[in-house]
Amino acid sequence: MGVVLFCLVIPAALCALFGALAVHFLRGHRTARRLIASGVRTVGVCEGLSRHDDEVSVRFSYTLPDGTTHEADSYATHFTSVAPRDSVTVVHDPEAPGVVELEDHLESARSGRLRALVLLTPALAFFVAWLVLGMGVVAFS
């Protein structure tokens, strides 16, 4: 059982974890690219700031042309010049108004998610290789 655990269970769990993270960052990167290319700009209002370690995200609200008001949090960055009650430029997906980002944070959201994906790829490849080699070890045991 120890060989199976070490050769199959552990790398399979780590592959699932790193794979899920890779999909999350890939989707975020694609969303940011789509918003940069074809997002609709509107004016919003900063409702507040959230600080986590050395990063800050902006809580903002915005109203769509149909009159509905939405709230969202921006991608966390190391710096923002926005203060509560400031006007902000919001970019949203016209087909999915909940897919939104601050215009000033779009490029850092795109590049940050791509950077995370690039950093994750070697670890994912390592655990996939471990799993494949482990299957060989278990098969010949």
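Residues numbered from 1 in each chain as written. Predicted model: local features only at pLDDT ≥ 70, side-chain atom pairs only at ≥ 80, totals over all residues. Heavy atoms only, no water.

A. Quick peek at the sheet that holds strand E4 (residues 87-93). With respect to topology, five strands assemble into an open sheet ordered E3-E2-E1-E4-E5, the strand pairing being antiparallel. Only two strands of the sheet have a single neighbouring strand rather than two, namely strand E3 (69-73) and strand E5 (96-102). If you compare each strand with its neighbour and ignore which way they point, the axes differ by 40° on average. Here strand E2 (residues 55-63) runs beside E3; their pairing, made up of five bridges, is antiparallel. Opposite Ser-61, over in E3, you have Glu-71 as the bridge partner. (Pairing = 2+ DSSP bridges. Helix = DSSP H or I, 4+ residues; strand = E, 2+ residues; numbered from the N terminus. Axes fitted to C-alpha atoms, helices over the stretch in contact; angles between N-to-C directions.)

B. The packing of aromatic side chains, seen in detail. Taken as a whole and judged by the stated rule, the model has six aromatic pairs. With a centroid separation of 5.2 Å and an interplanar angle of 70°, the aromatic rings of Phe-126 and Phe-127 are classed as edge-to-face. Residue class for Phe-126 comes out exposed when judged on its relative accessible area of 52%. One aromatic cluster in this structure is built from Phe-6, Phe-18, Phe-126, Phe-127 and Trp-130. (Phe/Tyr/Trp six-rings, centres within 6.5 Å; stacked < 30°, edge-to-face > 60°. Buried < 20%, exposed > 50% of the residue type's maximum accessible area, 1.4 Å probe, protein only.)

C. Just the pairing of strand E1 (residues 40-52), in detail. Here six bridges tie E1 to E4, and the two strands are oriented antiparallel to one another. The residue bridging Gly-44 from the neighbouring strand is Val-88, located in E4. The sheet contact formed by E1 and E2 spans eight bridges and is antiparallel. Paired with Cys-46 across the two strands is Phe-60, which belongs to E2. Hairpin connection of E1 to E2: two residues between the antiparallel strands, including Asp-53 at a positive phi of 55°.

D. Spatial organisation of helix H1 (residues 2-38). Compared with the 54 Å implied by 1.5 Å per residue over 37 residues, the 52 Å span of H1 between its first and last C-alpha is a close match. Along H1, the largest kink reaches about 25° and is centred on Val-9; proline Pro-11 follows within four residues of it. If you check which residues of H1 are buried, you get Cys-7, Pro-11, Cys-15, Phe-18, Gly-19, Ala-22, Gly-28, His-29, Ala-32 and Leu-35. On its buried face, H1 sits against E1, E4, E5 and helix H2 (106-139). (Expected span 1.5 Å × (residues − 1). Bend = angle between axes of the 7 residues up to and from the residue. Contact = heavy atoms within 4.5 Å.)

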